[in-house]
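Take a look at the letters that make up each chain.
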Amino acid sequence: MLLAIALDGASFAAADWVGAVRQADEARIDLVTFDDDFGRHGPDAVLTAARVAPLTRHVGLVPVATTTHTEPFHLSTALATLDHVSHGRAGWQVRVSADPAEAALLGRRAPLARDELFAEAADAIEVVRRLWDSWQHDAIIKDVATGRFVDRDRLHYADFAGRYFAVKGPSIVPRPPQGNPVVAVARGEAPDDAADVVFVPDGEAGPRPGRKVFADLPVREGGNRDAMVRILAAAERGADGVRLRGDPLTVIRDLVPELRWRGLFRPSRAATLRDRLGLPPAVNRYETPIPA
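Thresholds applied
- Residues numbered from 1 in each chain as written.
- Predicted model: local features only at pLDDT ≥ 70, side-chain atom pairs only at ≥ 80, totals over all residues.
- Heavy atoms only, no water.
- Pairing = 2+ DSSP bridges.
- Helix = DSSP H or I, 4+ residues; strand = E, 2+ residues; numbered from the N terminus.
- Axes fitted to C-alpha atoms, helices over the stretch in contact; angles between N-to-C directions.
- Buried < 20%, exposed > 50% of the residue type's maximum accessible area, 1.4 Å probe, protein only.
- Arc of directions from axis to C-beta.
- Contact = heavy atoms within 4.5 Å.
- Polar contact = N/O pair within 3.5 Å; in protein donor to acceptor, adjacent residues only side chain to side chain.
- Core = buried A, V, L, I, M, F, W, Y, C linked by side-chain atoms within 4.5 Å.
- Phe/Tyr/Trp six-rings, centres within 6.5 Å; stacked < 30°, edge-to-face > 60°.
- UniProt positions renumbered as here; feature names shortened; annotations may be inferred.
- Expected span 1.5 Å × (residues − 1).
- Bend = angle between axes of the 7 residues up to and from the residue.
- Right-handed = clockwise from strand over helix to strand, strands pointing away.

**So, the sheet that holds strand S10 (residues 197-201)**
Strand pairs in the sheet, formed through backbone hydrogen bonds, run parallel or antiparallel to each other. Strand order in this closed barrel of eight strands is S1-S2-S3-S4-S9-S10-S11-S12, and the pairing throughout is parallel. Here the average twist between neighbouring strands, direction ignored, is 25 degrees. Bridge count for strand S1 (residues 2-7) against strand S2 (residues 31-34) is four bridges, and the pairing is parallel. Residue pairing for S2: Ile 5 is matched across the bridge by Val 32.

**Details of helix H2 (residues 45-52)**
Taken together, the buried positions of H2 are occupied by Ala 45, Val 46, Thr 48, Ala 49 and Val 52. Viewed along the axis of H2, the buried residues span an arc of 160 degrees, placing them on a single side of the element. Elements in contact with the buried residues of H2: helix H1 (14-26), S2, strand S3 (60-66) and helix H3 (72-85). By the N-cap criterion, in which a side-chain oxygen at the helix start approaches the backbone nitrogen of a residue two or three places on, H2 is capped by Asp 44, the distance to Val 46 being 3.0 Å.

**Let's talk about the nonpolar core**
Soluble globular proteins tend to pack their nonpolar side chains together in the buried interior. In this structure, Val 32, Phe 34, Leu 61, Trp 92 and Leu 244 are the most contacted members of the largest nonpolar core, which totals 60 residues. At six residues, helix H5 (residues 114-133) tops the list of elements feeding residues into this core. Not counting the four nearest positions on each side in its chain, Phe 34 is found in contact with Leu 7, Trp 17, Val 21, Ala 45, Thr 48, Ala 49, Val 52, Leu 61, Val 62, Pro 63 and Val 64. Within the second largest apolar cluster, 13 residues are counted, among which are Leu 31, Val 197, Phe 199 and Leu 279.

**Regarding the packing of aromatic side chains**
Scanning the model with the defined rule gives three aromatic pairs in all. Aromatic side chains Phe 160 and Phe 165 sit 6.0 Å apart centroid to centroid with 40 degrees between the ring planes, which places their arrangement in the tilted category. The exposure class assigned to Phe 160 is buried, which follows from its relative accessible area of 11%. For Phe 165, a relative accessible area of 12% corresponds to the buried category. Considering the side-chain rings of Phe 199 and Phe 214, the 5.6 Å spacing of their centres and the 65 degrees angle between planes classify their relative orientation as edge-to-face. Taken together, the positions of Phe 199 in strand S10 and Phe 214 in strand S11 (residues 212-218) put the pair 15 residues apart, joining distant regions of the chain. In terms of burial, Phe 199 and Phe 214 fall into one category: buried.

**Looking at the UniProt feature "domain: Luciferase-like" (unreviewed entry) in the protein**
On the UniProt side, "domain: Luciferase-like" (unreviewed entry) is annotated at positions that read residues 12-189 here. End C-alpha atoms of residues 12-189 are separated by 25 Å, and the span's content is 35% helix alongside 18% strand.

**Here we look at helix H7 (residues 248-261)**
Helix length check: H7 (14 residues) gives 19 Å between terminal C-alpha atoms against 20 Å at 1.5 Å per residue, within 8%. At Leu 255, H7 is deflected by roughly 40 degrees, the largest bend along its length, and proline Pro 257 occurs up to four residues later in sequence. Looking at the buried side of H7, the elements it contacts are S1, H1, helix H6 (224-236) and strand S12 (241-245). At the exit of H7 stands Gly 263, carrying a positive phi of roughly 80 degrees.

**Structural notes on the pairing of S1**
In terms of burial, S1 is a largely internal element, six of the six residues being buried. Strand direction decides the pairing type here: S1 and S12, joined by five bridges, are parallel. Considered in S12, the bridge of Leu 3 is made with Val 242. Note that the unit made of S1, H1 and S2 has a crossover that is right-handed.

Here it is as C-alpha cells:
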C-alpha cells in the first residue's frame, strides 16, 4: 500500500516542520500533506513545503492551496516552483472555502454557494493544468549565438475564459519536472473529477479507475492495534493507500515497521511523486505526438 502522513501544525518555527518531514523522508513515506486554510493560525502550506523541499530527497510534498479567493495563475506558479525545488516531488491538495469569516479576511466577495465553489475550483484546476503545459519540455534553448533563451514557438497561451476568471498565459515558470504535479482532493472539499489522488473517509475506500484512493485514518498513541485493523480493512476494500493522521513520530516509530513486516508497505525507489504513486506521465496538451 501507499503510505501518507497528514501534517497539521501552527508552529512558525521552520525546524519543527523540517524535523517532521525529514522523519517521513527517512522512513521513505510516499507523501506528506500540509493542511491550510485562510482562517487557520499557522504558516502558509505551499511556502512550508518549499522550505523543506531542499532538505528532503524522497517524500512527496502535497500542500493544501485553496482555490476560493485565490488566482489560478498564482497557484500554478507557486506549485510549479515547488516541483522544481523538490525535483519532481510536488503535489497540490485542492480545497474550497465556504466560510464567511475567511471571506471577510480577504474582503473580495461574499462566499459562493457550494455548487459554485466547486465549479470555480474545477475551472481553477483546468487553468492551472493549462499553465503547467504552456511551456513545452524543450522550450528553453539557451542559444548563445543568437541570444535566444527560449523558443517562443514552444510557449503557448492558456486562453481560458470562464465564468469566474479569464487567464491568457503562458506561465512565467518553465514546465514542472513532472509535467503536472499530482493533484489531490479530499472527499467533499473540492471536485474530484480531475484529481489524480482522492482522500476518502475510513470505510469509503475502494478502487476508482484512473485515480489513487487513500483512506484517511486517525492514529493515536497506544492505538496501534486498532489502527492496524483499519489499515488491513482498507486494503481489503481496494484502497491504494492510507493517509494517517496523528503524531508523525508515533506513526513512523510504531506503525511503519509493522506495515513493512506484513509486506503492506514497500519503500519506493521512484524519483518523482507521479512515478512513486504509479500515475501515468503527464502528456503536454500542446505538443504534437511523435508518430510511432
